[in-house]
Amino acid sequence: PLPASLSALSWENEGTWKGEFQFWVMADAQLGFFKNDEGGGSEWDREEALCSDVVTRLRKACPKFAIMCGDMTQARPGQKFYEPQVAAFKRLFGELNDVPLVLCCGNHDVSDVPTAGDLASYRSRFGPDQFVFYAAGTVGVVVNGSLLCNPEKSPEEASAQLRWLQSEVDVEISRARTEGGAQHVFLFLHQPLFIESYDEKAIVWADFMDEPPSSASAEDWAQFEKVRAAGRNKCVNVPPARRKPILDLLLKWDATAVFAGHFHRNAVTTYGRLQMITTGAVGRPLGQGSVSGFRIVDVAKEDISHRFVPLLG
């Protein structure tokens, strides 16, 4: 179901094309990641400053909606600083006033391999993790990317999500196209379907880790090997076998774009007409040359344009 906070983005209110508009894409606020110490990050002043900057800009620009593509906090459910970070996130983005805020769940919100308990925890704090919304005659589909990447501990939930996409969402999009004149279909999730190519292999975080300098201490090397070992089991993109049925649906729907985060840097590529747009972090960036920021998307009847806006952190 559509979250109650997004009632303005219902079929009844926004199911018909109303002309050009704008929305903003954010990802990985990840309060606590700059500090990233025991308990999920004991400080988040830097992330708060960046998020507050975005909120101020959002209130001034007042786009049709804004979306956070996952990882609201660095701490995970059960960690010491999780509840304070959730409270801080809600306080910061509760100041948006008239701008509807759409949320996707990320791996820090439901864990890398989500259990039933992880999913229940997220839903009780943030609402549904799978739903459809409308904006000026375009269709937005929100899915749980962690269930696509690592369904092992929640196979029934993962299967149910795919059935929902193939049945209920498929019907909704068909109706939107025929009755509402929907011009675009957008998919939103945390983990990108792919980074460079639609047929790329599964990528894990260990692939992107730079080794310490040769002068690093034995302790630094030991910590690096520990983190790299953990990173071998953490998806960057959706693995090919679980990516294909989603791509098949997107092609069937003639979808315009997929929006994701998770990568903490920007990546934009295409698969035919479909754009795969990965947006860098509002919070801590990763990768050489990456900066904190958000994306502005301008929607016209025939196409979209978008640009990444850096933040000064």
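The coordinates are above.
Residues numbered from 1 in each chain as written. Predicted model: local features only at pLDDT ≥ 70, side-chain atom pairs only at ≥ 80, totals over all residues. Heavy atoms only, no water.

Quick notes on the overall build of the protein chain
Worth spelling out the cut-off: Under the DSSP-based scheme used, a helix requires at least four consecutive residues in state H or I and a strand at least two consecutive residues in state E, with every element numbered from the N terminus. Put simply, the radius of gyration uses C-alpha atoms, and a globule should come to 2.2 Å times the residue count raised to 0.38. Each residue is placed in one exposure class: buried if its accessible area under a 1.4 Å probe, protein chains only, is under 20% of its type's maximum, exposed if it is over 50%, and partly exposed if it falls in between. The contact rule is simple, with two residues in contact once any of their heavy atoms fall within 4.5 Å. In these tables, accessible area is a Shrake-Rupley quantity obtained with a 1.4 Å probe, and a residue counts as shielded only by the protein chains included in the view. Within this scheme the basic residues Lys and Arg register as positive and the acidic residues Asp and Glu register as negative, but His and the chain ends are omitted. Taken as the charge location is NZ of Lys, CZ of Arg, CG of Asp or CD of Glu.
If you tally the helices and strands in the protein chain, you get nine helices and 11 strands. Over its C-alpha atoms the protein chain spans a radius of gyration of 19 Å, differing by no more than 12% from the 20 Å that the globule rule assigns to 313 residues. The C-alpha extent of the protein chain, read off along each of the three principal axes, is 65 × 40 × 35 Å. Scored against the burial criterion, the 313 residues of the protein chain give a buried share of 56%. Long-range pairs, those at least 24 residues apart, make up 73% of the contacts in the protein chain between residues at least 6 apart in sequence. Of the roughly 13,400 Å² of accessible surface on the protein chain, 50% is carried by carbon and sulfur atoms. Computing the positive centroid from 32 side-chain charges and the negative centroid from 40, the protein chain places the two 1 Å apart.

Considerations on the pattern of salt bridges
The condition that has to hold: By convention in these notes, a salt bridge is any Lys or Arg side-chain nitrogen within 4 Å of a carboxyl oxygen on Asp or Glu.
For the structure shown, the criterion picks out 12 salt bridges. R273 is paired through a salt bridge with D254; the nearest N and O atoms lie 3.3 Å apart. Of the two residues, R273 sits in the loop between β8 (267-271) and β9 (274-278) while D254 sits in the loop between α9 (240-252) and β7 (257-260), which places them 19 residues apart along the sequence. Exposure remark for R273: the relative accessible area of 41% places this residue in the partly exposed category. D254 sits in the partly exposed class, given a relative accessible area of 41%. In the salt-bridge network here, residues are joined through shared partners; they are E14, K18 and K64.

What about the nonpolar core?
Proteins that are soluble and globular tend to have nonpolar side chains buried together. Let me state the cut-off plainly: Among buried residues, the Ala, Val, Leu, Ile, Met, Phe, Trp, Tyr and Cys ones that are joined through side-chain atoms within 4.5 Å form a nonpolar core.
Among the nonpolar cores identified, the biggest contains 37 residues, and M26, F89 and F93 are the most heavily contacted of them. If you list the elements that add at least two residues to this core, you get β1 (21-26), α2 (45-61), β2 (65-69), α3 (82-93), β3 (101-104), α5 (116-126) and β10 (293-299). Counting residues per element, this core draws most heavily on α3, at six residues. Among residues more than four places away in sequence, those in contact with M26 are V54, L58, A66, I67, M68, C69, F93, L101, V282 and F294. One finds A176, C235, V238 and L249 within the second-largest nonpolar core, a separate group that totals 31 residues.

What to know about the sheet that holds β9
Keep this limit in mind: Should DSSP find at least two bridges between two strands, the strands are regarded as paired. A fitted line through C-alpha atoms serves as each axis, taken over the contacting stretch for helices, and the angle formed by two N-to-C directions is quoted from 0 to 180°.
Strand order in the open sheet made by the six strands is β4-β5-β6-β7-β9-β8, with mixed pairing throughout. Edge positions in the sheet fall to β4 (131-135) and β8, since each of these pairs with one other strand and no more. For this sheet the average axis-to-axis angle between neighbouring strands, irrespective of direction, equals 20 degrees.

Quick look at the side chain of D28
Where we set the bar: As used in this structure description, the phrase polar contact means that two N or O atoms lie within 3.5 Å; if the pair is within protein, one of them must be able to donate a hydrogen and the other to accept it, and residues adjacent in sequence are counted only when both atoms belong to side chains.
Tracing the backbone through its elements, the reader meets D28 in the loop between β1 and α2. The buried charged residue D28 lacks any salt bridge partner; its closest oppositely charged side chain belongs to R265, at an N-O distance of 9.6 Å. For D28, the side chain forms a polar contact with the main-chain nitrogen of H262, separated by 2.8 Å. A distance of 3.4 Å separates polar atoms of two side chains, one belonging to D28 and the other to H264. For D28, the contacting residues outside a window of four places in its chain are M68, G70, D71, H190, G261, H262, H264, A281, V282 and G283.

Overview of empty space enclosed by the protein
Inclusion rule: A 1.4 Å probe that fits but cannot get out identifies a cavity on a 1 Å grid over protein atoms alone, an open set with protein on both sides within 12 Å along at least five of seven lines counts as a pocket, and a residue lines either if it has an atom within 4 Å of a point. Grid points are joined across faces, edges and corners, and a volume is the space filled by probe spheres set on the points.
Throughout the structure, instances matching the rule amount to one cavity of 30 Å³ or more. The space that makes up the largest cavity amounts to roughly 30 Å³. Along the walls of the largest cavity sit N107, D112, C149, N150, Q191, K234, C235 and H262, which together make up its complete lining.

Concerning α5
Heads up, the condition is: To obtain the arc, one takes the directions from the helix axis to the C-beta atoms.
For α5, the full list of buried residues reads D118, L119, S121, Y122 and F126. Looking straight down α5, one finds its buried side chains confined to an arc of 160 degrees; they lie on one side. Every exposed residue of α5 that faces more than 90 degrees away from the buried side is listed here: A116 and S124. Those residues of α5 that are buried are in contact with α3, β3, α4 (107-110), α6 (145-149) and α7 (155-179). Just beyond α5, the residue with positive phi is G127, at close to 105 degrees.

Digging into the sheet that holds β10
Taken together, five strands build an open sheet; the order of strands is β3-β2-β1-β10-β11 and the sheet is mixed. At either margin of the open sheet sits one strand with a lone partner, and together these are β3 and β11 (304-310). Mean inter-strand twist for the sheet, computed between neighbouring axes without regard to direction, equals 20 degrees. Two elements, β1 and β10, share five bridges in a ladder whose sense is antiparallel. In the sheet register, W24 faces β10, and the bridge partner there is I296. Running at roughly 170 degrees to β1, α2 makes contact with β1, β2, β10 and β11 of the sheet.

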